[in-house]
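Overview (structure and organization)
Each chain, written out:
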Amino acid sequence: MTRKLCLVLGVLSVCFSTNSIHSQKNKVLVIEKGEEFVLGKKNLIAGKLIVKGDFRVSEKNDCHVQLSELVIDGGTFRVGTTKEAYHKNLTITIAKGINVKNGGSIRIHGSTKNNSNLRDYDTMDSLGSNTADTNIKFMAGNENPASFYAENAGELTISGAAFIGLGSSNNPAVHIVGTTLKSNFLRNCVFQKSGGIDLQLDNTAMVIENNLFLSYNGTSVHCSGSGYGANNIFRDNTIHNHSDKDIFAVVFNNPYQTFINNKVFVNGKASGIGFLSRSYVGPGKKMTKNADFVFDGNSVINYSHTDKTATKIGVLIEDFSDMKIWKTSRNSINGFDIGAKLKKNNLLISDYRFINNVIGCIPGAVYIQDSSFEFIKKEPKVNSQALLISSAYGKAAPKINGVKIKNYSTGIHFKGKISPDNYFETIDFENTNTLSFEKLHKESIINDKDGSLIHKKDGQKAAHHHQMGHAMPHGHHGPAKTTKGYLLYTKESFLFTANSTPIHTGHDSIYGTTQANIGSLTISTGFGLSDPVHEHDGQLNTISLYHPFKANRLTKRKPANRHRFLLAANETYELELGKEEMQFYDIGLEWEAASNKPILIKVPYQHNSVAAIRSFGSLIPSSDNLHALHQKNISSYFWNQEEQMVYLKLVPQKNLEELVVYSPSVLTEIKVGNGKVPVSIRTDVNKNTIVFNYQVPNGLPSKLELLDYYGNTVETLFEGYSQPKNEVYIDLKKYDVKNSVFRYALTVDEKVHRGPIHAY
């Protein structure tokens, strides 16, 4: 090999003649650190080229570089500059691959000839001969599918390049790992004929802008397989995916990316964009602090239905178990079997356009506002549904406001268990059968917040039965129009009463009532109170409400400190507790309803006496018998000691009543290690005292404190090593217990038991 060494502005330049280079076909060429190699001839043919210094292509001639492998090991590979793009033609043919490592850099600045705006291509057919119309091309050799791999690179600034035929089913055409310089970019590039994934990014932060992806064998963009990500910016790209595999054209395993103003076209079996949580592992190792989910202004289009063996989805957003609120807007989804399938909680979508999707959206529990669902053809597509609200896909509790639905066979289809924390407001139907129902669960509640679901407007069609369930006709069996919202439910619902209005009759009968007739009952209980009503220390494992009118029972078995029920006002319900819950001596009840809309609750209670107190300290008056309780227009209770049952009438004032039922005379216990400390709490009304009696194992310290409402210590009644039997008295005359709440805190071996003190 002949080397010419010449000092150019202090840089060592290394040049090869054409003949000597051609002879290096099976040799390893190394550009050492501090050396500069300028390719001025037409061809470079070598085995392995290792760049530790500086490799630069001159503007003199069209060039063809043919290598088995290119390794940029801390050096720099340069073609053109940011100020002056490379205008000749450069083809780099690689047999095995390109590897950028140890801070190596690639600075390629080519020029696109006829496709300066790659977004002009709306279909693969319209691309024609303009595909890969760039003057710099990376091409795979004939031996094995080569790939471009860069890990922890320095600069990666590539524009005006085409990647043709790279990658395989196991290796992406271009795979970039751990590059987080925001100045790095892939811009005005073309990906064509890749063997698998076109572009995969792992734990990166770079700009991917105005590129064209022509994908036939796999996903176009995958970010990221590792589950890490560092807020890449995808902007103004055009993606065509014609894969015969059941995949997504774009996959995000880490959702904290910016994806704006891109066009995604799919054909074959490919779906659109998937935010898939399967590989999600959390923030990137080098993630910027302010990384956000940004998904705005994109178009996702399925322009062919040639393959009916796959269910094609426009956008799928899975639940990433992230409490952050995600917002996305101005996206258009066109022509899919399912336009969008949304499983993420705390997701708000707005200003979306769903066009020609058989099922517009499966919204889960997301917020949808100011969006439209439309079939362009005036005649509704058979079995089409703008919104499918179904528990088959997870929690079904969307919050939907300001939606227009046009030319669908069914506007909104409800199926399974619809959680009560949903609402629908300002829903407009045109040339569409409005609602249908299928196997609605007895606990389902649909919140028609302003009556727009059930009140017919001009231009709305009368609904009909369809094979998925039963559609609801407007104006038939509907209630009179009201300014208040309606709740819809089945005949088996706890909300159903003799006063319920039939909305739709048939196999799936639906009834309704105004929201003014419904309230929310929250039940909590435990072995002592930190704060009456609000902070119970115990945990409910099994709790049921029984409705005598319906002979129906609603049971919740999920362990929780609080359970909430939506119930009809002016009704009687029976609370049923499990064996463990029967031991509790405090039961908190919160009834939130329209003022003077009462509810009667029967509560089993096994202790010897009962008192009821509001959270702010005032006692609830008792009634002498059940008849007297029914006659009262204020909250009260009746204690039937023989039945061991408390009858509670809750009458809300200013839309709320909250109280706790407890016993002034209690026998309970504190668990200490493997043992138990029996505790007796007894009120002596005649002597205005409360007597604490507890037995502590020898050698264990105990402490008894009197606390105010805020948990501050008013008085320490006992502290030290207890006798086998400790008896402590609280003199109630010293404290204003009639007008404020006091509590006690008994601590034994760092185990604390709290409860209320009120005897009047």
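Residues numbered from 1 in each chain as written. Predicted model: local features only at pLDDT ≥ 70, side-chain atom pairs only at ≥ 80, totals over all residues. Heavy atoms only, no water.

Another point: the overall build of the protein chain. If you tally the helices and strands in the protein chain, you get three helices and 69 strands. Burial analysis of the protein chain (760 residues in total) assigns 57% to the buried set. Within the protein chain, counting contacts between residues at least 6 apart in sequence, those at least 24 apart form 65% of the total. Put simply, the protein chain shows about 32,000 Å² of open surface, and 47% of that area lies on carbon and sulfur atoms. (Helix = DSSP H or I, 4+ residues; strand = E, 2+ residues; numbered from the N terminus. Buried < 20%, exposed > 50% of the residue type's maximum accessible area, 1.4 Å probe, protein only. Contact = heavy atoms within 4.5 Å. Areas by Shrake-Rupley, 256 points an atom, 1.4 Å probe, with all protein chains shown as cover.)

Next up on the list: the pattern of salt bridges. Tallying each qualifying case throughout the model produces 14 salt bridges. Put simply, Arg187 and Glu209 hold a salt bridge, and the shortest N to O gap is 2.8 Å. Taken together, the residues span a long stretch of sequence, with Arg187 in strand 17 (residues 185–187) and Glu209 in strand 20 (residues 207–209) at a distance of 22 residues. Asp421 is paired through a salt bridge with Lys395; the nearest N and O atoms lie 2.8 Å apart. (Salt bridge = Lys/Arg side-chain N within 4 Å of Asp/Glu carboxyl O.)

The volume enclosed by the largest pocket comes to roughly 580 Å³. Along its surface, the largest pocket is lined by 23 residues, and Lys417, Pro420, Glu443, Lys556 and Arg564 are the ones closest to its centre. At the level of elements, strand 53 (552–556) and strand 54 (562–568) are the ones that each hand at least two residues to the lining of the largest pocket. The class makeup of the residues in the lining of the largest pocket is seven nonpolar, five polar and 11 charged. (1 Å grid on protein atoms, 1.4 Å probe; cavity = no way out; pocket = protein on both sides within 12 Å on 5 of 7 lines; lining within 4 Å. Points joined across faces, edges and corners; volume = space filled by probe spheres on them. Nonpolar A, V, L, I, M, F, W, Y, C, P; charged D, E, K, R; others polar.)

Overall, the relative accessible area of 15% leaves Glu209 in the buried class. A polar side-chain atom of Glu209 sits 2.9 Å from a polar atom in the side chain of Arg235. If we skip the residues at most four places from it in the chain, Glu209 touches Leu186, Arg187, Asn188, Arg235 and Asn237. (Polar contact = N/O pair within 3.5 Å; in protein donor to acceptor, adjacent residues only side chain to side chain.)

Attention now goes to the packing of aromatic side chains. All told, the structure shown has 28 aromatic pairs when counted by the stated rule. Ring centres of Phe163 and Phe191 lie 5.0 Å apart, and the angle between their planes is 20°; this geometry places the pair in the stacked category. Residue Phe163 is located in strand 15 (residues 161–164), and its partner Phe191 is located in strand 18 (residues 190–192); the two are separated by 28 residues in the primary sequence. For the pair Phe163 and Phe191, a shared accessibility class is recorded, and that class is buried. Taking the centre distance of 5.7 Å and the plane angle of 20° together, the rings of Phe494 and Tyr573 count as stacked. In this pair, Phe494 is assigned in the loop between strand 46 (486–490) and strand 47 (501–504) and Tyr573 in strand 55 (residues 572–577), connecting sequence segments 79 residues apart. Among the aromatic residues, ring-to-ring pairing joins Phe234, Phe252, Tyr256, Phe259, Phe275, Phe293, Phe295, Phe320 and Trp326 into one connected group. A cation over an aromatic ring shows up here: Arg187 above the ring of Phe185, its NZ or CZ 4.0 Å from the ring centre. (Phe/Tyr/Trp six-rings, centres within 6.5 Å; stacked < 30°, edge-to-face > 60°. Lys NZ or Arg CZ within 6 Å of the ring centre and 35° of its normal.)

Turning our attention to the pairing of strand 13 (residues 147–151). Inspection of the sheet shows strand 10 (residues 90–101) paired to strand 13 by four bridges, in the parallel sense. Each bridged residue has a counterpart across the sheet, and for Asn99 the counterpart in strand 13 is Tyr149. For strand 13 and strand 16 (residues 174–177), the ladder comprises four bridges, and the chain directions are parallel. Within the sheet, the bridge partner assigned to Phe148 lies in strand 16 and is Val174. (Pairing = 2+ DSSP bridges.)

Attention shifts here to the pairing of strand 53. Of the pairings in the sheet, the one linking strand 52 (residues 543–547) to strand 53 comprises five bridges and is antiparallel in character. Within strand 53, the position partnered with Ile543 by the bridge is Lys556. Between the antiparallel neighbours strand 52 and strand 53 lie four residues, among them Ala551 with a positive phi of about 50°.

Turning to a positive patch on the surface, a few remarks are in order. A contiguous patch of positive charge, built from Lys48, Lys52, Lys96 and Lys101, is present on the exposed surface. Within the fold, Lys96 resides in strand 10. (Patch = residues over 30% accessible without salt bridge, like charges linked within 9 Å, V, L, I, M, F, W, Y side chains within 5 Å. Lys, Arg positive; Asp, Glu negative; His and termini not counted. Charge placed at Lys NZ, Arg CZ, Asp CG, Glu CD.)

Attention now goes to unusual backbone geometry. The backbone phi angle of Asn102 is positive, close to 55°, even though this residue is not glycine. Mapped onto the elements of the fold, Asn102 is located in the loop between strand 10 and strand 11 (105–109). Classification of Asn102 by relative accessible area gives exposed; the value is 57%. Even without being glycine, Asn431 reaches a positive phi, approximately 50°. Taking relative accessible area as the criterion, Asn431 reaches 18% and is therefore assigned buried.

Looking now at the environment of Lys83. Within the secondary structure layout, Lys83 lies in the loop between strand 9 (76–79) and strand 10. When its relative accessible area of 82% is taken as the criterion, Lys83 is described as exposed. When the C-alpha positions of Lys83 and His109 are compared, they lie 9.0 Å apart, and in sequence the two are 26 residues distant.

With that out of the way, let us pick up the environment of Thr258. Structurally, Thr258 can be placed in strand 26 (residues 258–260). Distance from Thr258 to Val294, taken between C-alpha atoms, is 4.5 Å for residues 36 residues apart in sequence. With residues near it in sequence (within four places) discarded, Thr258 still touches Asn231, Asn232, Ile233, Phe234 and Val294. Reaching out from Thr258, the side chain makes a polar contact with the side chain of Asn231 at a distance of 3.3 Å.

Ranked by internal contacts, the top residues of the largest apolar core, which has 107 residues, are Phe148, Phe163, Ile273, Ile405, Ile412 and Phe414. Formed by 40 residues, the second largest nonpolar core is a distinct cluster that contains Leu495, Ala569, Val603 and Leu648. (Core = buried A, V, L, I, M, F, W, Y, C linked by side-chain atoms within 4.5 Å.)

A few words now on the sheet that holds strand 55. Read from one edge to the other, the open sheet built from six strands follows the order 53-52-55-57-60-59, with strand pairing classed as mixed. Two strands lie at the open edges of the sheet, namely strand 53 and strand 59 (636–640), each paired on one side alone. Here the strands of the sheet are splayed against their neighbours by 20° on average, with no regard to which way each runs. Taken together, the six bridges between strand 57 (residues 599–604) and strand 60 (residues 645–650) define a ladder with antiparallel strand orientation. Across the sheet, the residue bridging to Lys602 is Tyr647, located in strand 60. (Axes fitted to C-alpha atoms, helices over the stretch in contact; angles between N-to-C directions.)

Mean pLDDT over the protein chain stands at 81; residues scoring 70 or higher make up 79%. When pLDDT is averaged over each element of the protein chain, strand 33 (residues 332–334) comes out on top at 98 and strand 1 (residues 4–8) at the bottom at 33. Across residues 126–130, where pLDDT falls below 50, the model places eight contacts with residues more than four positions away in sequence or in other chains. Note on residues 284–289: pLDDT under 50 across the span, and 17 contacts to partners over four residues away in sequence or across chains. (pLDDT = per-residue confidence, 0-100.)

Turning to the side chain of Asn331, a few remarks are in order. Residue position: Asn331 is located in the loop between strand 32 (326–329) and strand 33. Using a relative accessible area of 3% as the deciding quantity, one classes Asn331 as buried. From its side chain, Asn331 meets the backbone nitrogen of Gly297 in a polar contact 3.2 Å long. In terms of polar contacts, Asn331 uses its side chain to reach the side chain of Tyr352, at 2.9 Å. When residues no more than four places from it in sequence are discounted, the contact partners of Asn331 are Phe295, Asp296, Gly297, Asn298, Asp351, Tyr352 and Arg353.

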